[in-house]
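# Residue-level structural notes
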Amino acid sequence: MTQVPRIAVLIPCYNEEVAIPKVVADFRAALPDATIHVYDNNSRDGTREAARAAGAQVMREVQQGKGHVVRRMLADIEADFYVLVDGDDTYDAAAAPEMLRLAMEDRLDMVTGTRVTEAKAAYRPGHVLGNQVLTGLVRVIFGNRVSDMLSGYRVFSRRFAKSFPALAQGFETETEFTVHALELRMPVGEVPSSYRARPPGSTSKLNTWRDGFRILNAILLLVRRERPLPFFALIALVLAGTGLGLAAPVLHTFFASGLVPRLPTAVLSMGLMLLAFLSLACGLILDTVTRGRVEAKRMAYLAIPAPSFVSKTVTTRETSLR
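Description of the structure in this document. (Residues numbered from 1 in each chain as written. Predicted model: local features only at pLDDT ≥ 70, side-chain atom pairs only at ≥ 80, totals over all residues. Heavy atoms only, no water.)

## Let's talk about the pattern of salt bridges
Overall, the coordinates contain 21 salt bridges when judged by the stated rule. Lys162 is paired through a salt bridge with Glu78; the nearest N and O atoms lie 3.5 Å apart. Linking Lys162 in helix α6 (residues 158–163) with Glu78 in the loop between α3 (66–76) and β4 (81–84), this pair joins segments that are 84 residues apart in sequence. Given a relative accessible area of 29%, Lys162 falls into the partly exposed group. Its salt-bridge partner being Arg225, residue Glu226 comes within 3.3 Å of it at the nearest N-O pair. In this structure Glu226 comes out as buried when scored by relative accessible area, which is 5%. (Salt bridge = Lys/Arg side-chain N within 4 Å of Asp/Glu carboxyl O. Helix = DSSP H or I, 4+ residues; strand = E, 2+ residues; numbered from the N terminus. Buried < 20%, exposed > 50% of the residue type's maximum accessible area, 1.4 Å probe, protein only.)

As C-alpha cells, this is what we get:
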C-alpha cells in the first residue's frame with residue numbers, strides 16, 4: 001500500500017498583504033492535500049491577517065532576513081516534501097505538482113523551478129545577467145548541474161531539509177541551497193516554471209547591487225569553506241609571483257656584483273614567499289578539515305530515511321495498465 005506523503009508549502013513573507021491571498025489560494029488549488037505555512041518576517045502591513053483569512057497557518061520570525069525565516073521553517077515543520085516559494089505571486093503554482101512528481105519518481109532531494117518569462121518587467125535584464133554570472137561561477141566551482149541558482153521556487157525532500165545547515169541571513173540562502181546539494185552530490189532536478197511580474201501595489205524587497213554583492217560574498221565564503229585548498233593555493237600563487245617579481249632584480253644585481261643594495265626589497269620578497277608557503281599550508285590543513293565536515297554532513301544526510309513515495313500520476317498510470 002503506497003503511503004501518502006506529507007507535503008508542506010513554505011511561504012516566507014515581508015509586507016506582502018496584496019499578493020499573499022492569491023499565492024495561498026493558488027497553492028491550495030494546485031496542491032489540495034498540502035499544508036500551507038506562511039512565516040511573517042516583521043511585516044508592517046496586514047500580511048498575517050490576509051494569509052490567515054486565506055486559510056494558511058501563520059507563524060512569525062522576528063529575526064529580519066529570508067535566511068532566518070528559511071532556517072526557522074525547516075526546523076519547525078515536519079513533512080516528507082517541502083515546497084518553498086516566495087510570497088510575492090511571481091511564481092506559478094501550477095508547476096508545483098510536476099516538481100513534486102519528479103522529486104518522488106526520481107527520488108530527488110532538490111527540484112528547482114527555473115524561471116521562464118518574456119516580460120522584462122518581471123525579470124529585468126540586469127537581474128538575468130547577474131543570475132547568469134553568479135550561477136556560472138557556482139557551476140565552475142561546485143559542479144555543472146544547475147541553471148538558475150537564484151530561483152526562490154524549490155521542492156526539497158525531508159533528507160535535504162533536515163540536513164541543511166541554513167547559515168545565511170538574507171537572499172543568499174538560495175546560493176546555500178545549491179551549494180549544499182552540489183557539495184553532498186545529492187540527486188537534483190529542474191522544472192521550467194513561468195515567472196511573472198508582481199501584482200499592482202506590491203513592491204520588491206530585492207536591491208540589485210546590495211543583494212548581488214551579498215550573494216557574491218556568500219559564494220566567496222562558501223568557496224573558502226568548501227574548497228579551501230584551491231582558494232588558499234590561489235592566494236599563495238599570487239604572493240609567490242609577487243615575491244619572485246620583486247626578487248628578480250635583486251638577484252640579478254647580486255649575481256653581477258655580489259652586493260644587495262636593495263635590502264628592503266629583498267626582505268619584502270622573502271616575507272611574501274614565507275606568506276605564500278604559509279597560505280599553502282593553511283589550504284592543505286583546512287582541506288583535510290573540510291573533508292571531515294563533508295563526511296559528517298553526508299552521514300547526517302544518510303541518517304534520514306530515503307523517500308519511498310510514488311506520485312499519484314504514476315499510481316494512476318500503473319492502474320490503467322492493469
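Next, the rest of the story.
## Structural notes on the environment of Ala94
Secondary-structure assignment places Ala94 in the loop between β4 and α4 (96–105). Here Ala94 falls in the exposed class, since its relative accessible area comes to 55%.

## Observations regarding the sheet that holds β4
Overall, mixed pairing links the seven strands, which are arranged β3-β2-β1-β4-β6-β5-β7 in an open sheet. Here the strands that pair on one side only, and so sit at the sheet edges, are β3 (57–60) and β7 (188–194). On average, each strand axis in the sheet is inclined to that of its neighbour by 20 degrees, with strand direction left out of account. Taken together, the four bridges between strand β1 (residues 7–13) and β4 define a ladder with parallel strand orientation. Looking at β4, one finds that Val9 is bridged to Val83. (Pairing = 2+ DSSP bridges. Axes fitted to C-alpha atoms, helices over the stretch in contact; angles between N-to-C directions.)

## Here's the deal with the nonpolar core
Core analysis: the largest hydrophobic core is formed by 34 residues, its most contacted members being Val9, Ile11, Ile20, Phe27, Val38, Val83 and Tyr153. Counting only elements with at least two residues in this core, the list comes to β1, α1 (20–30), β2 (35–40), α2 (47–53), β4 and α4. When residues in this core are grouped by element, the largest group, six residues, is from α4. Membership of the second largest hydrophobic core comes to 24 residues, among which are Leu10, Tyr39, Ala161 and Ala181. (Core = buried A, V, L, I, M, F, W, Y, C linked by side-chain atoms within 4.5 Å.)

## Things to note about a nonpolar patch on the surface
A contiguous nonpolar patch, built from Leu251, Phe254, Phe255, Val260, Leu263, Val267, Met270 and Leu274 and spanning about 820 Å² of accessible area, is present on the exposed surface. Relative to the assigned elements, Leu274 resides in helix α10 (residues 263–302). For Leu274, a relative accessible area of 56% puts it in the exposed group. (Patch = residues over 30% accessible without salt bridge, like charges linked within 9 Å, V, L, I, M, F, W, Y side chains within 5 Å. Areas by Shrake-Rupley, 256 points an atom, 1.4 Å probe, with all protein chains shown as cover.)

## What to know about the environment of Asp45
Within the secondary structure, Asp45 sits in the loop between β2 and α2. Given the relative accessible area of 27%, Asp45 is considered partly exposed. The spacing of Asp45 and Glu16 is 29 residues in sequence and 7.7 Å in space, taken between C-alpha atoms. Leaving out residues up to four positions away in the same chain, Asp45 has contacts with Asn15, Glu16 and Glu17. Within the structure, Asp45 has its side chain in polar contact with the backbone nitrogen of Glu17 (distance 3.3 Å). (Contact = heavy atoms within 4.5 Å. Polar contact = N/O pair within 3.5 Å; in protein donor to acceptor, adjacent residues only side chain to side chain.)

## Digging into the environment of Gly65
With respect to the helices and strands, Gly65 occurs in the loop between β3 and α3. What makes Gly65 buried here is its relative accessible area of 15%. Separated by 24 residues in the primary sequence, Gly65 and Asn41 place their C-alpha atoms 7.4 Å from one another. Residues in contact with Gly65, not counting those within four places in the same chain, are Asn41 and Gln169.

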